[in-house]
Amino acid sequence: MYKGELTIQVGGKTQTASAGDFIRLPRGVAHSFENTGNVDAKVLLVVAPAALEKFFEEAFYPIEDRSAAMPPMTGEFMARLLEAASKVGLEFLPPKQQ
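This one's a predicted model, so the numbers in the text were calculated from it and none came from an experiment.

Definitions and cut-offs
- Residues numbered from 1 in each chain as written.
- Predicted model: local features only at pLDDT ≥ 70, side-chain atom pairs only at ≥ 80, totals over all residues.
- Heavy atoms only, no water.
- Helix = DSSP H or I, 4+ residues; strand = E, 2+ residues; numbered from the N terminus.
- Buried < 20%, exposed > 50% of the residue type's maximum accessible area, 1.4 Å probe, protein only.
- Contact = heavy atoms within 4.5 Å.
- Lys, Arg positive; Asp, Glu negative; His and termini not counted.
- Charge placed at Lys NZ, Arg CZ, Asp CG, Glu CD.
- Expected span 1.5 Å × (residues − 1).
- Arc of directions from axis to C-beta.
- Salt bridge = Lys/Arg side-chain N within 4 Å of Asp/Glu carboxyl O.
- Phe/Tyr/Trp six-rings, centres within 6.5 Å; stacked < 30°, edge-to-face > 60°.
- Patch = residues over 30% accessible without salt bridge, like charges linked within 9 Å, V, L, I, M, F, W, Y side chains within 5 Å.
- Areas by Shrake-Rupley, 256 points an atom, 1.4 Å probe, with all protein chains shown as cover.

**Brief notes about the overall build of the protein**
Next, step 1: Per the secondary structure count, the protein includes two helices and three strands.
Next, step 2: Beginning at the N terminus, the succession of helices and strands in the protein can be written as β-β-β-α-α.
Next, step 3: With the principal axes as the frame, the protein shows a C-alpha extent of 35 × 30 × 30 Å.
Next, step 4: Split into buried and exposed, the 98 residues of the protein put 11% on the buried side.
Next, step 5: Within the protein, counting contacts between residues at least 6 apart in sequence, those at least 24 apart form 41% of the total.
Next, step 6: Considering the protein, the positive charge centre built from 10 side chains and the negative charge centre built from 12 side chains are found 7 Å apart.

**Things to note about helix H2 (residues 75-87)**
Next, step 1: The first and last C-alpha atoms of H2 sit 19 Å apart over 13 residues, in line with the 18 Å expected at 1.5 Å per residue.
Next, step 2: Regarding H2, the residues found buried are Phe77, Leu81, Ala84 and Ala85. All buried residues of H2 fall inside an arc of 105° around its axis, so they share one side. Counted as exposed and oriented over 90 degrees from the buried face of H2: Gly75, Glu76, Ser86 and Lys87.
Next, step 3: Just downstream of H2 lies Gly89, where phi reads positive at about 80°.

**Remarks on the pattern of salt bridges**
Next, step 1: For the coordinates displayed, the defined rule picks out two salt bridges.
Next, step 2: Lys87 is paired through a salt bridge with Glu83; the nearest N and O atoms lie 3.7 Å apart. Of this pair, Lys87 and Glu83 both sit in helix H2, four residues apart, roughly one helical turn.
Next, step 3: In this structure Glu83 comes out as partly exposed when scored by relative accessible area, which is 47%.

**Brief notes about the packing of aromatic side chains**
Next, step 1: What the rule picks out here adds up to six aromatic pairs.
Next, step 2: Judged by centre distance (5.9 Å) and plane angle (20°), the rings of Phe56 and Phe60 are stacked.
Next, step 3: Relative accessible area serves as the criterion here: at 34%, Phe56 is assigned to the partly exposed category.
Next, step 4: What makes Phe60 partly exposed here is its relative accessible area of 30%.
Next, step 5: When the ring of Tyr61 is compared with that of Phe77, the centres are 6.0 Å apart and the planes differ by 25°; the resulting orientation is stacked. Of the two residues, Tyr61 is situated in the loop between helix H1 (52-59) and H2 and Phe77 in helix H2; the sequence distance between them amounts to 16 residues.
Next, step 6: Looking at Phe77, the relative accessible area reads 6%, which means it is buried.

**Description of a nonpolar patch on the surface**
Next, step 1: Taken together, Met70, Met73, Met78, Leu82, Leu90 and Phe92 make up a surface patch of nonpolar side chains, about 570 Å² in accessible area.
Next, step 2: Summarising the element assignment, Met73 is placed in the loop between H1 and H2.

Encoded structure:
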C-alpha cells in the first residue's frame with residue numbers, strides 16, 4: 001500500500017491496509033476492497049504469474065493527468081470492465097447483503 005487506507009475482504013477475513021502494508025490475495029479466492037480512508041488510496045499491485053495486466057490495459061483508460069479524479073462508474077465503463085474480465089478469467093461477484 002502506497003497511500004491511504006483500504007478495508008480488504010479476502011477468504012472470509014477482513015483486513016485493514018495502510019501505507020507500507022502488504023496484503024496477499026491468493027488466486028481463485030474471492031476478494032474485495034473499499035477505500036475507508038479520507039484520501040484517495042494508491043497501491044502497488046504485483047501479480048504472479050503474469051496476465052492480469054491485460055485486464056487493466058483493456059478495462060481502464062490511459063490517464064493524462066495523474067492528479068485528476070477517477071472517472072465516474074458509468075454503465076458503459078462497467079460493461080468495459082466486465083468484458084475485459086471475462087477475457088482473462090476474472091469474475092465480478094455482487095456485493096454481499098448486510
